[in-house]
Amino acid sequence: MSERIFIGVAWPYADGPLHLGHIAGAYLPPDIFARYHRIKGNEVLMVSGSDQHGTPITIKAEQEGKAPGQIATQYHQQFLDSWQKLGISFDLFTNTGTANHAEVAHDIFLTLLHRGYIYKATVSQPYCPHCQRFLSDRYIEGTCPYCTSSGARGDQCDECGKPINPIELIDPRCRLCATTPQFKDSEHFFLKLTAFEDRLLAWVKQQTHWRQNVLNFTTRYLEQGLKDRAITRDIEWGIPVPVDGFENKRIYVWFEAVIGYLSATKEWARSSGDEERWRSFWQDKDVKSYYFIGKDNIAFHTIIWPAMLMGYGNLNLPYDVPANEFLTIEGKRLSTSRNWAVWLPDYLSRYDPDPLRYLLSINMPETGDTDFSWREFVRRNNDELVATYGNLVHRVLTFTYRRFDGCVPEPGEFDDLSQKVLAYAKEQIFNDMGDLLSECHFKAAILNAMFLAHETNRYLDEKSPWKTIKQDRQAAATALYVAITVLSALSTVLYPFLPFSSQKLRGFLGFEGNIEDYGWKLNSPPPGQRLLSPEPLFSKLDEGLVEEETGRLGARC
Ligand SMILES: [Zn+2]
Ligand SMILES: [Zn+2]
């Protein structure tokens, strides 16, 4: 019985490179989840794209003297390259600059407008008399009214994380020329969130399977009472407002970016040759839709996007929004402006993808913030990936390859201990990890796999086939057969986390083709199957890199 799973992934702003905070928060978890469901035989659609609109991009473009579209295209290409190198397996990673996306956004905008869920109102907006422009969101800065931090913006304070209305800022100034803005009237469209308050509360109450942090945040937010929110801006870069008289305004980025989940599905359907296929992921009630995001994005996915979907009608609401907490770097809050970040393209230019995927999985900020440090990166790589898992693989395969003519040996009778290990590798590991993965408990799931590797090392220490082979070749063959069975199980259960090394290990075990085609079950190589000449799966990292890498943090690029 195969399931259909929709996976929506946060849309990164195309205004700068990705960093490890993005990956731990929103990009590695859905990839693990998607790979698990695919290998299980479920039909998965995982989509996202780069967010090409919004003031972060226009500000970056002005700083670099380029057009916003140029900046967006440049980083979109870089994102695609990073996904490929890190193995983030999107079915489609598009962008919000496509004609298709604008068309779908207009359809939703106009439908909500006709149904009375979007209305027009006049509001007072900050305006710079010197620059002669309205100052949307990031174009206005000042002191945060909540935490008195000096770098708060017109949409949010990064220091305390609170959303801000520009009028609340203390000592507001134009970001471009530092002039104190005036407030001028401007006509805008508003999303009538208040109309959805009761429906949302009732719906959220049913979501008992959500993570506690997501459920608590959403419930608190709803109980404080919703406010209607402006969804257009006085800017030139973005999706035009499909209403006469609004030619100088654009749809605000947060309103159209969430629509990307639907528009990306439509784009995917069209390129698959069946334009109507998007319905199978959005209108079939049996499909579960998961949204993977960082915790700063929860309200958009548990309140605003569901409200838009309710207003539009006949589209699936989110089933789960497993938002992650934050990743700190060397004990400090990640800051892109202070360059206190580990940039993904830098990482990928120097190291393999699987060690990073391993560390971020086993240290995933699922229920609280976690820390990334280079020392921990080296330690986990050397002591766990190399010494526990890699060494298990290497000692079993090289010894078997050398002493049993490069073939899986024929086992003799299994004693109790061997039977216990085999039973674990045959069934229990798949059941235990399958349950955890399907509930998005990634950290606990990978710990199970590492426990099996650890126990199998102990099994081999006890059986010590490298010694017994001299007196009892059959006993050695049996122990190695058991260990090879475990390796086969590990290649499958670790595949969602470590796709590159898992595929490689499959090859060493003598299997051909894509590991995903073998299913979420044990495929043990039968006695006599030819093995491939093994190589180490992982390499030891030099302690010296810790100092070198931490030295780059906070430095000017
Ligand atoms: Zn603040
Ligand atoms: Zn100005």
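Described in the following lines is the structure provided in the data block. None of the values given here were measured: they were computed from a predicted structure.

Concerning the overall build of the chain
Counting its secondary structure elements, the chain contains 18 helices and 16 strands. Its C-alpha atoms give the chain a radius of gyration of 27 Å, near enough to 24 Å, the size a compact globule of 557 residues would have. Over its C-alpha atoms, taken along the principal directions, the chain stretches across nearly 90 × 50 × 40 Å. Residue pairs at least 24 apart in sequence account for 76% of intrachain contacts in the chain once pairs closer than 6 positions are excluded. Approximately 23,500 Å² of the chain is accessible, and the part contributed by carbon and sulfur atoms is 47%. The centroid of the 59 positive side-chain charges in the chain is displaced by 2 Å from the centroid of its 70 negative side-chain charges.

Regarding the side chain of Thr-492
With respect to the secondary-structure elements, Thr-492 resides in helix α16 (residues 473-493). Residue contacts for Thr-492: discarding those within four places in its chain leaves Ile-39, Phe-430, Arg-506, Ile-515, Gly-519, Trp-520 and Lys-521.

Observations regarding the pattern of salt bridges
Considering all chains together, one arrives at 31 salt bridges under this definition. Salt-bridge contacts for Arg-175 lead to Glu-141; the nearest nitrogen and oxygen are separated by 3.4 Å. Within this pair, whereas Arg-175 is found in the loop between β8 (170-174) and β9 (182-191), its partner Glu-141 is found in strand β6 (residues 140-143), the two being separated by 34 residues in sequence. On the basis of relative accessibility, which here comes to 32%, the residue Arg-175 falls in the partly exposed class. Measuring nitrogen to oxygen at the nearest pair gives 3.2 Å for the salt bridge that ties Asp-461 to Arg-395.

Observations concerning the sheet that holds strand β14 (residues 288-292)
Taken in spatial order, the 4 strands make up an open sheet running β3-β2-β1-β14, and their pairing is parallel. Of all the strands in the sheet, the pair left with one neighbour each is β3 (92-95) and β14. Between one strand axis and the next, the sheet turns through 20° on average, direction left out of account. Taken together, the 5 bridges between strand β1 (residues 4-9) and strand β2 (residues 43-50) define a ladder with parallel strand orientation. The residue of β2 that forms the bridge with Arg-4 is Glu-43.

A few points about unusual backbone geometry
For Asp-137, which is not a glycine, the phi torsion comes out positive at approximately 45°. With respect to the secondary-structure elements, Asp-137 resides in the loop between β5 (133-134) and β6. You can call Asp-137 buried: its relative accessible area is 6%.

A few points about the pairing of β2
In terms of burial, β2 is largely enclosed, as 7 of its 8 residues are buried. As for the winding sense of the linkage, the β-α-β connection from β1 through helix α1 (residues 20-39) to β2 is right-handed. Here β2 pairs with β3 via 4 bridges, running parallel. Counted as the bridge partner of Gly-49 is Thr-94 from β3.

Some thoughts on α1
At Tyr-27, α1 shows its largest kink, close to 45°, and the proline Pro-29 lies no more than four residues downstream. Burial analysis of α1 places 19 of its 20 residues in the buried class, the great majority of the element.

Let's talk about the pairing of β9
Sheet analysis places strand β4 (residues 118-128) next to β9, joined by 10 bridges and oriented antiparallel. In the sheet register, Pro-126 faces β9, and the bridge partner there is Phe-183. Bridge count between β9 and strand β10 (residues 229-230): 2 bridges; the pairing is antiparallel. Counted as the bridge partner of Leu-191 is Arg-229 from β10.

Digging into the sheet that holds strand β13 (residues 250-251)
With antiparallel pairing, 3 strands are arranged side by side in an open sheet as β11-β13-β12. The sheet is open, and its two borders are formed by β11 (232-233) and β12 (239-240), each paired with just one other strand. One ladder, built from 2 bridges, connects β11 with β13; its direction is antiparallel. Counted as the bridge partner of Thr-232 is Ile-251 from β13.

Observations concerning the coordination of the zinc ion (ligand 2)
Donor atoms from the polypeptide that bind the zinc ion (ligand 2) are Cys-128 (SG), Cys-131 (SG), Cys-174 (SG) and Cys-177 (SG), placed at 2.3 Å. All donors of the zinc ion (ligand 2) come from a single chain, and their spacing in sequence reads C-x2-C-x42-C-x2-C. Pair noted here: Cys-128 is in strand β4 and Cys-174 is in strand β8, with a separation of 46 residues, a long-range link. For Cys-128, a relative accessible area of 0% puts it in the buried group. Classification of Cys-174 as buried rests on a relative accessible area of 2%.

Remarks on the nonpolar core
Grouped together as the largest cluster of nonpolar side chains are 174 residues, with contacts concentrated most on Phe-255, Trp-282, Trp-305, Phe-372 and Tyr-389. For this core, the element with the highest residue contribution is α16, accounting for 13 residues. Within the second largest apolar cluster, 11 residues are counted, among which are Cys-128, Leu-135, Ile-164 and Leu-169.

Notes on the packing of α16 against helix α17 (residues 499-508)
Packing of α16 against α17 brings their axes to within 8 Å, and their N-to-C directions diverge by 150°. Taken together, the axes of α16 and α17 are roughly antiparallel relative to one another. Considering only the axes of α16 and α17, their crossing is left-handed. Mapping the contact onto sequence places Leu-487, Ser-488, Leu-490, Ser-491 and Thr-492 in α16 and Ser-502, Leu-505 and Arg-506 in α17.

Considerations on helix α6 (residues 212-223)
Between its terminal C-alpha atoms α6 stretches 16 Å, which fits the 16 Å expected from 12 residues at 1.5 Å a residue. Looking only at α6, the buried set comprises Val-214, Leu-215, Thr-218 and Leu-222. Across the axial projection of α6, the buried residues extend over an arc of 95°, all falling on one side. Structural note: α6 exposes Gln-212 and Glu-223 on the side pointing more than 90 degrees away from its buried face. Contacts from the buried residues of α6 go to α5 (197-205) and α9 (298-312). In the stretch just after α6, Gly-225 is the one whose phi turns positive, near 95°.

About the thresholds
Residues numbered from 1 in each chain as written. Chains lettered and ligands numbered in written order. Predicted model: local features only at pLDDT ≥ 70, side-chain atom pairs only at ≥ 80, totals over all residues. Heavy atoms only, no water. Helix = DSSP H or I, 4+ residues; strand = E, 2+ residues; numbered from the N terminus. Rg over C-alpha atoms; globule rule 2.2 N^0.38 Å. Contact = heavy atoms within 4.5 Å. Areas by Shrake-Rupley, 256 points an atom, 1.4 Å probe, with all protein chains shown as cover. Lys, Arg positive; Asp, Glu negative; His and termini not counted. Charge placed at Lys NZ, Arg CZ, Asp CG, Glu CD. Salt bridge = Lys/Arg side-chain N within 4 Å of Asp/Glu carboxyl O. Buried < 20%, exposed > 50% of the residue type's maximum accessible area, 1.4 Å probe, protein only. Pairing = 2+ DSSP bridges. Axes fitted to C-alpha atoms, helices over the stretch in contact; angles between N-to-C directions. Right-handed = clockwise from strand over helix to strand, strands pointing away. Bend = angle between axes of the 7 residues up to and from the residue. Donors = N, O, S within 2.8 Å, 3.2 Å for Na, K, Ca; no water. Core = buried A, V, L, I, M, F, W, Y, C linked by side-chain atoms within 4.5 Å. Parallel < 35°, antiparallel > 145°, perpendicular 65-115°, else oblique. Left-handed = near helix turned anticlockwise from the far one by under 90°. Expected span 1.5 Å × (residues − 1). Arc of directions from axis to C-beta.

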